[in-house]
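# Fold and contact review
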Amino acid sequence: MTTLPRAEGTGALRAPVAGPVAGYPGPPLTRPHILVVNGRKVRHPVFVIGAPRAGPEMLARAFKRTPGFHMTLGQRWVLPVVQAFARTPSLARGRPEAAATVLRDAFAQGWQIGPGCCLGCTLACREAAGTPGAGPCVAEQGISRYGDASPELLYCADSLVDAFPDARLVQIVRDGRDVVAAMLTDAPALAWFRPGFVNLDAEITHPLLGLDSPPDRGQWTDASVAGKCAMRWRGTVRLMARLRMRLSAEQLITLRYEDMVRRPAAAASALATFTGFEAAPVDTHVAGTVLEPGAWRRVLTTAQVAEVEQVAGEELRRVGYGA
């Protein structure tokens, strides 16, 4: 497990450079591929990843309000593909070219601008754009950058880099206790825990549920809903640490959610340097909601806090949270 050290004064966390990681497919594919959407080459697309309710949606809204940036958030062509990879991790194992092709095709459709392009988008995506009615959320002629922050995008991050070798990945880490508190109020996130929603019999491990080994399955069976949320958060932290070891500092940046909220200017500066694109300010009006840093103290019960510590205490401390 890799510690995520704070980068002083930037709101970002440094990303070390290393080689392949056990269980990961190795270096990105080197076969060049040029994707053209709306008559323009897609260069340096930005993908925002993280645990549920850990901040990707907040950052996506900022990018969507940025002139020239076409950021999608659960687009109808993309979301089913992303969720298929998340539900069945074995789809991408040993088939990097096929997985990359599927993702490129999905984004080639999802980023197209037309009269009905936004009709099938998620409510979160349309609300983030702030565009009433049925028209497109962005002017096609003004687009210069593309990106996506679909839920569960983290679980196909390796395939994203294979599909777009020049991609820029922004991953957000948040206090796991706050993530658990927020997930407990999030019906789409909790839906993954329903019986039969994920076929565990067909998968040796399951990153989305935080199942890395056989003992984790027993822990999963015995856990409460809060414990299952903690396992999901723990799994995202482990995945992000592996990504940080695989990708260079040019490819990936890690932001701390609390820095985004409390020091938005510093986080925005780090993002602008990383992406080469100055995004609109992040909306930090989260006081009194489950998005407020430290919300777990008033939302979680004593028993839930104890279970989160039992399940994910080691990871909490490794990424700078907890005693």
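Refer to the structure above for everything that follows.
This report concerns the structure included in the present document. (Residues numbered from 1 in each chain as written. Predicted model: local features only at pLDDT ≥ 70, side-chain atom pairs only at ≥ 80, totals over all residues. Heavy atoms only, no water.)

## Looking at the overall build of the protein
So the rule is basically this: Strands here are runs of E lasting at least two residues and helices are runs of H or I lasting at least four, both read from the DSSP assignment and numbered beginning at the N terminus. Think of it in three bands: residues with accessible area under 20% of the maximum for their type are buried, residues over 50% are exposed, and the middle band is partly exposed, with areas taken using a 1.4 Å probe on protein chains only.
Looking only at helices and strands, the protein features 13 helices and 8 strands. Across the 323 residues that make up the protein, the buried fraction comes to 54%.

## Some thoughts on helix H13 (residues 302-318)
We count it as follows: Between the first and last residue of a helix there are one fewer steps than residues, each counted as 1.5 Å, and that sum is the expected span. To get the bend at a residue, fit one axis to the 7 residues ending there and another to the 7 starting there, then take the angle between the axes. When checking whether two residues touch, look at their non-hydrogen atoms; a contact exists if any pair is within 4.5 Å.
Its 17 residues give H13 an end-to-end C-alpha distance of 22 Å, which sits within 8% of 24 Å, the value for a rise of 1.5 Å per residue. When the local axis directions of H13 are compared, the greatest deviation, roughly 80 degrees, occurs at Ala312. At its buried positions, H13 is contacted by helix H6 (176-183), helix H8 (214-222) and helix H9 (225-246). After H13 finishes, the residue Gly320 shows a positive phi value of roughly 95 degrees.

## A closer look at unusual backbone geometry
Unusually for a residue other than glycine, Arg53 sits at a positive phi of about 60 degrees. If you trace the backbone, Arg53 turns up in the loop between strand S4 (46-50) and helix H1 (56-64). A positive phi angle, near 70 degrees, is found at Glu152, a position not held by glycine. By secondary structure assignment, the location of Glu152 is in the loop between strand S6 (145-148) and helix H5 (157-163). On the accessibility criterion, Glu152 (11% relative accessible area) is buried.

## What to know about the pairing of strand S7 (residues 168-173)
We count it as follows: At least two bridges found by DSSP between two strands are what make those strands a pair.
Of all 6 residues in S7, 6 are buried; the element is thus mostly enclosed. Side-chain alternation along S7 places Arg168, Val170 and Ile172 on one buried face and Leu169, Gln171 and Val173 on a second face that is also buried. Inspection of the sheet shows S4 paired to S7 by 5 bridges, in the parallel sense. Residue pairing in the sheet places Val48 in a bridge with Val170 of S7. Strand direction decides the pairing type here: S7 and strand S8 (residues 252-256), joined by 5 bridges, are parallel. Note that in S8 the partner of Val170 across the bridge is Ile253.

## Quick notes on the environment of Arg317
Structurally, Arg317 can be placed in helix H13. The sequence separation of Arg317 and Asp175 amounts to 142 residues, and the corresponding C-alpha distance is 9.8 Å.

## Re the pattern of salt bridges
Quick reminder of the rule: We define a salt bridge as a contact between a side-chain nitrogen of Lys or Arg and a carboxyl oxygen of Asp or Glu at a distance within 4 Å.
The full count for this structure, using the stated rule, is 13 salt bridges. Between Arg177 and Asp175 there is a salt bridge, with the nearest N and O atoms lying 2.8 Å from each other. Judged by relative accessible area, which is 14%, Arg177 ranks as buried. Classification of Asp175 as buried rests on a relative accessible area of 6%. Notably, a salt bridge pairs Glu292 with Arg298, separated by 3.4 Å at the nearest N-O pair. Residue Glu292 is classed as partly exposed on the basis of its relative accessible area of 26%. When its relative accessible area of 48% is taken as the criterion, Arg298 is described as partly exposed. Each of Asp212, Arg238, Arg242 and Glu315 takes part in one network of salt bridges that share partners.

## Here we look at the packing of aromatic side chains
Stated precisely, the cut-off is as follows: A pair of Phe, Tyr and Trp rings is counted when the ring centres sit within 6.5 Å of each other, with Trp represented by its six-membered ring. The angle between the planes then sorts it: under 30 degrees is stacked, over 60 is edge-to-face, the rest tilted. For a ring to carry a charge above it, either NZ of a lysine or CZ of an arginine must fall within 6 Å of the ring centroid while also lying within 35 degrees of the normal to the ring plane.
Tallied over the entire structure, the rule returns 11 aromatic pairs. On the basis of an interplanar angle of 40 degrees and a centroid distance of 5.6 Å, the ring pair of Phe47 and Phe164 is categorised as tilted. Placement of Phe47 in strand S4 and of Phe164 in the loop between H5 and S7 is noted, with a sequence separation of 117 residues between them. Pair check on accessibility: Phe47 and Phe164 agree, each one buried. Here the aromatic cluster, defined as three or more aromatic residues joined through ring pairs, consists of Phe47, Phe107, Trp111, Tyr146 and Phe164. Positioned above the aromatic ring of Phe197 is the side chain of Arg87, whose terminal nitrogen or guanidinium carbon lies 4.9 Å from the ring centre. The ring of Trp220 carries Lys228 above its face, with NZ or CZ at 5.0 Å from the centroid.

Nothing here speaks to function; it is all geometry.
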